[in-house]
Amino acid sequence: MVLALLGALVGAGSSVILSPGYRTTSSVLLQGPREADELLTQAEVATSSVVLDRAAAGLGDGETGADLRDKVATSVAQGNVITIEATGDTAEQTQRMADRIASEFVKYSTQIIAGSGDAAVQLAQERRETLRQQVVQTNQRISELSAKVDEGKTTVESVQLRTELQGLRSSIESAMSTLNAADTASGLGNMVVLGSAELPSSAAAPTLPQLALGGAALFFLVGLFGHLFRARTDRRLRGEEEIAAAIGGPVLATFDAVERRHAGTTLRAKLLRDDRPWNIPRVDVFADEIDSDVLYRRLVSRLPHRRLLVMAADGDHAGQAAAARLAAFADRWFTVVTVNPARPVVEDTGADGVLVVASLGSRSAWELVGIAEAVADAGLAMVGTVLIRPVRPTRTRPAASTPTDHEALAGTA
């Protein structure tokens, strides 16, 4: 939940950079036949500094052409259409921007074509005049041949003339097509804005809610997979046989204990609840219904009647509480000691053996092996291990009936 909330905040914050705002497009039609390279050139002209500077001056929003450059994109669509895409903070501003840039683009491109140079215009006029003269000459030749064919009889020469006449007719049709194409090319500068840009009805994706939801989902998944990875790589032992093999002594008893927070819990741990194992089993009983005084006494009575060290690892609060309770039942025969699981050291106290008390899933195999080696190094016998299984009762009683820590410890031998 905390990671999901953090992800939502990160997503909402990133919307300042990632959210494009409102978006709309304006289209400009280029009349006449066009080459692909020419269309790409016109698309670049639409985002030129001249067009953007003129559009910014016409909008009067206090922005410059350089400011509009990051808000405008052009592309070439089918049918000789240049698409101008504008992005803005409001729908009205975006629509005005797209329309203004399209208008200034048409004006500037028309000015470029109109002022392209007198030499090119004169060359086109001479070409058209030559084509017209060719058409006139061909028509005259066709008329002469037609007269000769009609006067004579059908001979080999008349057939040849008819063939030549047909070829000339094809030539004049080709010349007329070329002339029409030249006339059409004279209107290449015509551009038309295909209507006003559409007023955006909503902000373009990704919006702030979408980014917030996406961030929450992403962080939740990262936390979930991190949780599963941590659980998968957890090397702490939870099986009785594994613990007995690592410690080098038999498991004498396994007790249930109500899982509780220790007094030194930090505020962060209280808020995040990350100091409580996720896999503690739940039992459908009240906390005060788990009472194992009889089982503790039976365990003490079965232990050798000699002085023992009841050892618990530092940080294992349930194990330490159970060790203290065992020592209370044994009176003066047992001495409770706490060792550092990373570097265990057993002091010489005159005891005959060691009884290790540990919670399930609290120590790794190497830590238990280290404790066993420390016991052997001290020359003491490993009597065995008492395991504590933390549980969470699902039922609660009124505050006045809440049991104490010692009353909450329980188990089954």
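Residues numbered from 1 in each chain as written. Predicted model: local features only at pLDDT ≥ 70, side-chain atom pairs only at ≥ 80, totals over all residues. Heavy atoms only, no water.

The name an unreviewed UniProt entry gives the chain is Exopolysaccharide biosynthesis protein, with Amycolatopsis decaplanina DSM 44594 as the organism.

Account for the overall build of the chain, with residues named and values stated.
Helix and strand content of the chain: 14 helices and ten strands. Expressed as a percentage of the 413 residues in the chain, the buried residues total 37%. The long-range fraction of contacts in the chain, counting pairs at least 24 apart against all pairs at least 6 apart in sequence, stands at 84%. (Helix = DSSP H or I, 4+ residues; strand = E, 2+ residues; numbered from the N terminus. Buried < 20%, exposed > 50% of the residue type's maximum accessible area, 1.4 Å probe, protein only. Contact = heavy atoms within 4.5 Å.)

Lay out the sheet that holds strand β4 (residues 191–193) with the relevant residues and their values.
The strand order across the open sheet built from four strands is β2-β3-β1-β4, with neighbouring strands paired in antiparallel fashion. Because the sheet does not close on itself, it has two edges, and the strands there are β2 (72–77) and β4. Here the strands of the sheet are splayed against their neighbours by 25° on average, with no regard to which way each runs. Here β2 runs beside strand β3 (residues 81–88); their pairing, made up of six bridges, is antiparallel. From the neighbouring strand, Ala77 faces β3, where its bridge partner is Val81. Most of the contacts of helix α2 (residues 36–46) go to β2, to which it runs at about 160°, and overall it touches β1 (22–30), β2, β3 and β4. (Pairing = 2+ DSSP bridges. Axes fitted to C-alpha atoms, helices over the stretch in contact; angles between N-to-C directions.)

Could you give an account of α2, naming the residues involved and the relevant values?
All of the buried residues along α2 are Leu39, Gln42, Ala43, Val45 and Ala46. Along α2, the residues classed as buried sweep out an arc of 155° about the axis, all on the same side. Across α2 from its buried face, at more than 90 degrees, point the exposed residues Asp37 and Glu44. (Arc of directions from axis to C-beta.)

Any chance you could break down the UniProt feature "transmembrane region" (unreviewed entry) in the chain for me, citing the residues and the numbers?
In this numbering, the UniProt entry assigns the feature "transmembrane region" (unreviewed entry) to residues 211–229. With 100% helix and 0% strand, residues 211–229 has its two end C-alpha atoms placed 26 Å apart. (UniProt positions renumbered as here; feature names shortened; annotations may be inferred.)

Which residues make up the nonpolar core, and what are the values?
Residues Val28, Leu68, Ile84, Met97, Ile101 and Phe105 are the most contacted members of the largest nonpolar core, which totals 24 residues. Of all the secondary-structure elements, those providing two or more residues to this core are β1, α2, α3 (49–59), β3 and α5 (91–114). Here this core gets six residues from one element, more than from any other, and that element is α5. For Val28, the contacting residues outside a window of four places in its chain are Asn80, Val81, Ile82, Ile84, Ala102, Phe105, Val106, Met191, Val192 and Val193. Listed in part, the 21 residues of the second largest apolar core include Ala327, Phe334, Leu355 and Val383. (Core = buried A, V, L, I, M, F, W, Y, C linked by side-chain atoms within 4.5 Å.)

Requested: an account of empty space enclosed by the protein, with residues and values cited.
Evaluated as defined, the whole model comprises one cavity of 30 Å³ or more. Approximately 30 Å³ is the volume attributed to the largest cavity. Taken together, Leu237, Ile243, Ala358, Ser359, Gly361, Ser362, Arg363, Leu368 and Leu387 make up the lining of the largest cavity. Residues belonging to the lining of the largest cavity are distributed by class as follows: five nonpolar, three polar and one charged. (1 Å grid on protein atoms, 1.4 Å probe; cavity = no way out; pocket = protein on both sides within 12 Å on 5 of 7 lines; lining within 4 Å. Points joined across faces, edges and corners; volume = space filled by probe spheres on them. Nonpolar A, V, L, I, M, F, W, Y, C, P; charged D, E, K, R; others polar.)

Account for the confidence of the model for the chain, with residues named and values stated.
Predicted coordinates in areas of low pLDDT are best not read in detail. The predicted model of the chain has a mean per-residue pLDDT of 81, with 81% of residues at 70 or higher. In the predicted structure, residues 401–413 sits below a pLDDT of 50 and forms 40 contacts with residues beyond four places in sequence or in another chain. (pLDDT = per-residue confidence, 0-100.)

Explain unusual backbone geometry to me, using residue names and the numbers behind them.
Trans peptide bonds make up the majority, and among non-glycine residues the majority have a negative phi. Notably, Asn80 is not glycine yet its phi reads approximately 55°, a positive angle. Here Asn80 is to be found in the loop between β2 and β3.

Account for the environment of Val354, with residues named and values stated.
Mapped onto the secondary structure, Val354 falls in strand β9 (residues 353–359). Along the chain, Val354 and Ala381 lie 27 residues apart, while their C-alpha atoms are 6.2 Å from each other. Not counting chain neighbours up to four residues away, the residues in contact with Val354 comprise Leu308, Leu309, Met311, Val375, Leu380, Ala381, Met382, Val383 and Gly384.

Go over the pairing of strand β5 (residues 251–258) with me, naming the residues and quoting the values.
The element β5 is extensively covered by neighbouring structure, given that six of its eight residues are classed as buried. By the bridge criterion, seven bridges tie β5 to strand β10 (residues 381–395) in an arrangement that is parallel. Bridging from a neighbouring strand, Ala257 pairs with Pro390 of β10.

How would you explain the packing of aromatic side chains if you had to name every residue and give the values?
For the coordinates displayed, the defined rule picks out two aromatic pairs. Considering the side-chain rings of Phe255 and Tyr296, the 4.2 Å spacing of their centres and the 20° angle between planes classify their relative orientation as stacked. Taken together, the residues span a long stretch of sequence, with Phe255 in strand β5 and Tyr296 in helix α11 (residues 293–302) at a distance of 41 residues. Each member of the pair Phe255 and Tyr296 is classed as buried. Classification of Tyr296 as buried rests on a relative accessible area of 1%. An aromatic cluster is built from Phe255, Tyr296 and Phe329, whose rings are joined through pairwise contacts. A cation sits over an aromatic face here: Arg325 above Tyr296, 4.8 Å from the ring centre. (Phe/Tyr/Trp six-rings, centres within 6.5 Å; stacked < 30°, edge-to-face > 60°. Lys NZ or Arg CZ within 6 Å of the ring centre and 35° of its normal.)

Lay out a nonpolar patch on the surface in plain terms, naming residues and giving numbers.
The grouping of Phe220, Leu221, Leu224, Phe225 and Leu228 at the surface amounts to a nonpolar patch, some 490 Å² of accessible area in total. With respect to the helices, strands and loops of the structure, Leu224 is situated in helix α8 (residues 208–232). (Patch = residues over 30% accessible without salt bridge, like charges linked within 9 Å, V, L, I, M, F, W, Y side chains within 5 Å. Areas by Shrake-Rupley, 256 points an atom, 1.4 Å probe, with all protein chains shown as cover. Salt bridge = Lys/Arg side-chain N within 4 Å of Asp/Glu carboxyl O.)

Please provide a residue-by-residue account of the pairing of strand β7 (residues 308–313), values included.
Burial of β7 is extensive: six of the six residues sit out of reach of the surface. One ladder, built from six bridges, connects β7 with strand β8 (residues 334–339); its direction is parallel. When the bridges of β8 are listed, Leu308 appears paired with Phe334. Once you follow β7 into helix α12 (residues 317–330) and on to β8, the crossover reads as right-handed. Alignment of β7 against β9, held across five bridges, turns out to be parallel. (Right-handed = clockwise from strand over helix to strand, strands pointing away.)

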